[in-house]
Amino acid sequence: SQQGEEDPQALSIQEGENATMNCSYKTSINNLQWYRQNSGRGLVHLILIRSNEREKHSGRLRVTLDTSKKSSSLLITASRAADTASYFCATDGAQAGTALIFGKGTTLSVSS
Amino acid sequence: DAGITQSPRYKITETGRQVTLMCHQTWSHSYMFWYRQDLGHGLRLIYYSAAADITDKGEVPDGYVVSRSKTENFPLTLESATRSQTSVYFCASSSRGPSGTGELFFGEGSRLTVL
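Below is a summary of the structure that appears in this document. Quick caveat, the model's predicted, so the values are computed rather than measured.

**Some details on the nonpolar core**
Item 1. Met21, Leu32, Trp34, Leu74, Ile76, Tyr87 and Leu108 of chain A are the most contacted members of the largest nonpolar core, which has 21 residues in total.
Item 2. Looking at this core, the elements that each hand over two or more residues are β2 (10–14), β3 (19–25), β4 (31–37), β5 (43–50), β7 (61–66), β8 (71–76), β9 (85–91) and β11 (106–111) of chain A.
Item 3. If you tally residues by element for this core, the top one is β3 of chain A, at 4 residues.
Item 4. Other than its neighbours up to four places away in sequence, tyrosine 87 of chain A contacts Glu6, Met21, Tyr35, Arg36, Leu46, Leu74, Ile76, Gly105, Thr106 and Leu108 of chain A.
Item 5. Core analysis: the next-biggest nonpolar cluster, separate from the first, contains 18 residues, Leu21, Cys23, Tyr64 and Ala81 of chain B among them.

Rendered as structure tokens:
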């Protein structure tokens, strides 16, 4: 079963706008990761946030983590057409050896 | 070139046939993974491997077999393909285990159609 669930499933915005995607998960985690997938390609790692961190930045990306609510958000500021892709959150289980479990993803469409 | 490569990229087969999807990585990563991606289900873990000769089942292992005789290779075999195994298959590798905050590096995927 899916550990993480992204929301919304699809998001359409204009260039220059901000895009916010949310991820909820069910069990305790060590870390949460966000990945991006361009159409027809493999997934690419964007950012990792540990369970003891609340916020992390990388360029135009901002990730927050609220372990009490078991949720995370990915904010992309000043979106560009090239940001059009699917975005997935992935969580590990708190138990050693548990593989990363991915959510179903949010499809972002940025129009110029 | 360094990286993780999957082959074939596209495969059409018939129900009941055996199919092997290959995955090769040049980083000497200890961990390797197979996921399948289906519309409405996202990515689901099939099998993973922590090292040569060590494999473990994921969420959807039925109908699949894996082996890891060499660190760099992690083939996935469908012993008797079924239509429900039509999917996009992704191989990934990591230098550290999932709970060791290992970032996954993905291949480009193998698109399998079972007729």
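**Here's the deal with the sheet that holds strand β6 (residues 55–58) of chain A**
Residues and elements named next belong to chain A.
Item 1. Across the sheet, which stays open at both edges, the 5 strands sit in the order β1-β3-β8-β7-β6 with antiparallel pairing between neighbours. Here the strands that pair on one side only, and so sit at the sheet edges, are β1 (4–7) and β6. Put simply, the sheet's adjacent strands are angled 20° from each other on average, direction ignored.
Item 2. Here β6 pairs with β7 via 4 bridges, running antiparallel. Note on β7: the bridge partner recorded for lysine 56 is valine 63.

**Remarks on the state of the cysteines**
Residues and elements named next belong to chain B.
Item 1. A complete count under the given rule lists 2 disulfides over all chains for this structure.
Item 2. Here cysteine 23 connects covalently by a disulfide to cysteine 91, the sulfurs 1.9 Å from one another. Across the S-S bond of cysteine 23 and cysteine 91 the torsion is about -80°, and the bridge reads as left-handed. A residue pair is termed long-range when its members are at least 10 positions apart, and cysteine 23 in strand β3 (residues 19–25) and cysteine 91 in strand β9 (residues 87–94) qualify at 68 residues. Pair check on accessibility: cysteine 23 and cysteine 91 agree, each one buried.

**Brief notes about the packing of aromatic side chains**
Item 1. Taken as a whole and judged by the stated rule, the model has 10 aromatic pairs over all chains.
Item 2. Summarising the aromatic geometry, the rings of tyrosine 64 of chain B and tyrosine 89 of chain B are spaced 5.9 Å apart at their centres and angled 65° between planes, so their arrangement reads as edge-to-face. Taken together, the residues tyrosine 64 of chain B in strand β7 (residues 64–66) and tyrosine 89 of chain B in strand β9 connect sequence positions 25 residues apart.
Item 3. On the basis of relative accessibility, which here comes to 0%, the residue tyrosine 89 of chain B falls in the buried class.
Item 4. Here the aromatic residues Tyr35 and Phe102 of chain A together with Phe33, Tyr35, Tyr48, Phe90 and Phe106 of chain B are joined through ring pairs into a cluster of three or more.
Item 5. Lying over the aromatic face of phenylalanine 74 of chain B, arginine 68 of chain B brings its terminal NZ or CZ to 6.0 Å of the ring centre.

**Structural notes on the sheet that holds strand β8 (residues 76–78) of chain B**
Residues and elements named next belong to chain B.
Item 1. Across the sheet, which stays open at both edges, the 4 strands sit in the order β1-β3-β8-β7 with antiparallel pairing between neighbours. Every interior strand has two partners, whereas the edge strands, β1 (4–7) and β7, have only one. In this sheet, adjacent strand axes meet at a mean angle of 15° when their direction is disregarded.
Item 2. Pairing between β7 and β8: 3 bridges, direction antiparallel. Each residue of the ladder has a partner; that of valine 65, found in β8, is threonine 77.

So, how was this worked out
- Residues numbered from 1 in each chain as written.
- Chains lettered and ligands numbered in written order.
- Predicted model: local features only at pLDDT ≥ 70, side-chain atom pairs only at ≥ 80, totals over all residues.
- Heavy atoms only, no water.
- Core = buried A, V, L, I, M, F, W, Y, C linked by side-chain atoms within 4.5 Å.
- Buried < 20%, exposed > 50% of the residue type's maximum accessible area, 1.4 Å probe, protein only.
- Helix = DSSP H or I, 4+ residues; strand = E, 2+ residues; numbered from the N terminus.
- Contact = heavy atoms within 4.5 Å.
- Pairing = 2+ DSSP bridges.
- Axes fitted to C-alpha atoms, helices over the stretch in contact; angles between N-to-C directions.
- Disulfide = S-S within 2.5 Å.
- Phe/Tyr/Trp six-rings, centres within 6.5 Å; stacked < 30°, edge-to-face > 60°.
- Lys NZ or Arg CZ within 6 Å of the ring centre and 35° of its normal.

Everything listed is a geometric property; what it means functionally is a separate question.
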